[in-house]
Amino acid sequence: MLKHRGFPGRMPGSDYQFVIRRANPRGVTPLTRRERRSDRKAADRRVDTAFMRALWEAFGDEPFERGNLDAGRLSWLFGREVVAVDDPFDPADYEAMLVINEALARASFPDAFED
């Protein structure tokens, strides 16, 4: 499992994690598309924005390996703002390649792309 050095471990000032420390010994947690409803808590929306900002600052529009990025946090963006590069895609693979769908990410999280 690739560890993304320099990537923030969590949202500053919170317990919302962005990365995991070690591989799950019981198997890889698969990425699944989670629906974001309009009634989500404001804190959850802030965390999604912070995570998207961290992804953009770390990878930009280049493909990146899933590695130690938290599956739960990534699943809130997966299938929309973050899409699979590989075909066929294995959602339970730490080496799976992903890329940010910049147009949709900018529309969904405009605050994540401000300077």
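As a reminder, the structure under discussion sits directly above these lines.
A.B. asks: Give me the overall build of the protein chain: which residues, what numbers.
C.D. replies: When you go through the protein chain residue by residue, the secondary structure sums to three helices and three strands. The secondary structure elements of the protein chain, listed N-terminal to C-terminal, are α-β-α-β-β-α. The C-alpha atoms of the protein chain give 13 Å as radius of gyration, which agrees with the globular expectation for 115 residues (13 Å, within 12%). Principal axes of the C-alpha set define a box for the protein chain whose edges measure 35 × 30 × 30 Å. The proportion of buried residues among the 115 residues of the protein chain is 38%. Sequence-distant contacts, at least 24 apart, represent 71% of the contacts inside the protein chain between residues at least 6 apart. Counting every atom, the protein chain has about 6800 Å² of accessible surface; 47% of that belongs to carbon and sulfur. Positive and negative side-chain charges in the protein chain, numbering 19 and 20 respectively, have mean positions lying 9 Å apart.

A.B. asks: Outline the pattern of salt bridges, supporting the account with residue identities and numerical values.
C.D. replies: Should their charged atoms come close, side chains of opposite charge can pair. Tallied over the full model, the rule gives seven salt bridges. Of the charged contacts in the structure, one is a salt bridge between R40 and D48, with a shortest N-O distance of 2.4 Å. Comparing R40 with D48 shows no difference in burial state: the two are buried. For D48, the salt bridge is made with R73, and the minimal N-O distance between the two is 3.0 Å. With D48 in helix α1 (residues 42-59) and R73 in helix α2 (residues 71-75), this pair connects stretches of sequence that are 25 residues apart. Each member of the pair, D48 as well as R73, is classed as buried. What you see here is one network of salt bridges that share partners, running through R36, R80 and E81.

A.B. asks: Before we move on, could you go through the nonpolar core and cite the residues and values that matter?
C.D. replies: Residues F7, M52, L55, F64, L69, L74 and V82 are the most contacted members of the largest nonpolar core, which totals 24 residues. For this core, the element with the highest residue contribution is α1, accounting for six residues. Aside from chain neighbours lying at most four places away, what touches L74 is L31, F51, L55, R66, L69, V82 and L98.

A.B. asks: Any chance you could break down the packing of aromatic side chains for me, citing the residues and the numbers?
C.D. replies: Enumeration according to the criterion identifies six aromatic pairs in this entry. Ring centres of F7 and F51 lie 6.1 Å apart, and the angle between their planes is 80°; on these two criteria the pair is classed as edge-to-face. In this pair, F7 sits in the segment before α1 while F51 sits in helix α1, placing the two residues 44 residues apart along the sequence. As far as the burial class goes, F7 and F51 line up, both buried.

Reading guide: rules and limits
Residues numbered from 1 in each chain as written. Predicted model: local features only at pLDDT ≥ 70, side-chain atom pairs only at ≥ 80, totals over all residues. Heavy atoms only, no water. Helix = DSSP H or I, 4+ residues; strand = E, 2+ residues; numbered from the N terminus. Rg over C-alpha atoms; globule rule 2.2 N^0.38 Å. Buried < 20%, exposed > 50% of the residue type's maximum accessible area, 1.4 Å probe, protein only. Contact = heavy atoms within 4.5 Å. Areas by Shrake-Rupley, 256 points an atom, 1.4 Å probe, with all protein chains shown as cover. Lys, Arg positive; Asp, Glu negative; His and termini not counted. Charge placed at Lys NZ, Arg CZ, Asp CG, Glu CD. Salt bridge = Lys/Arg side-chain N within 4 Å of Asp/Glu carboxyl O. Core = buried A, V, L, I, M, F, W, Y, C linked by side-chain atoms within 4.5 Å. Phe/Tyr/Trp six-rings, centres within 6.5 Å; stacked < 30°, edge-to-face > 60°.

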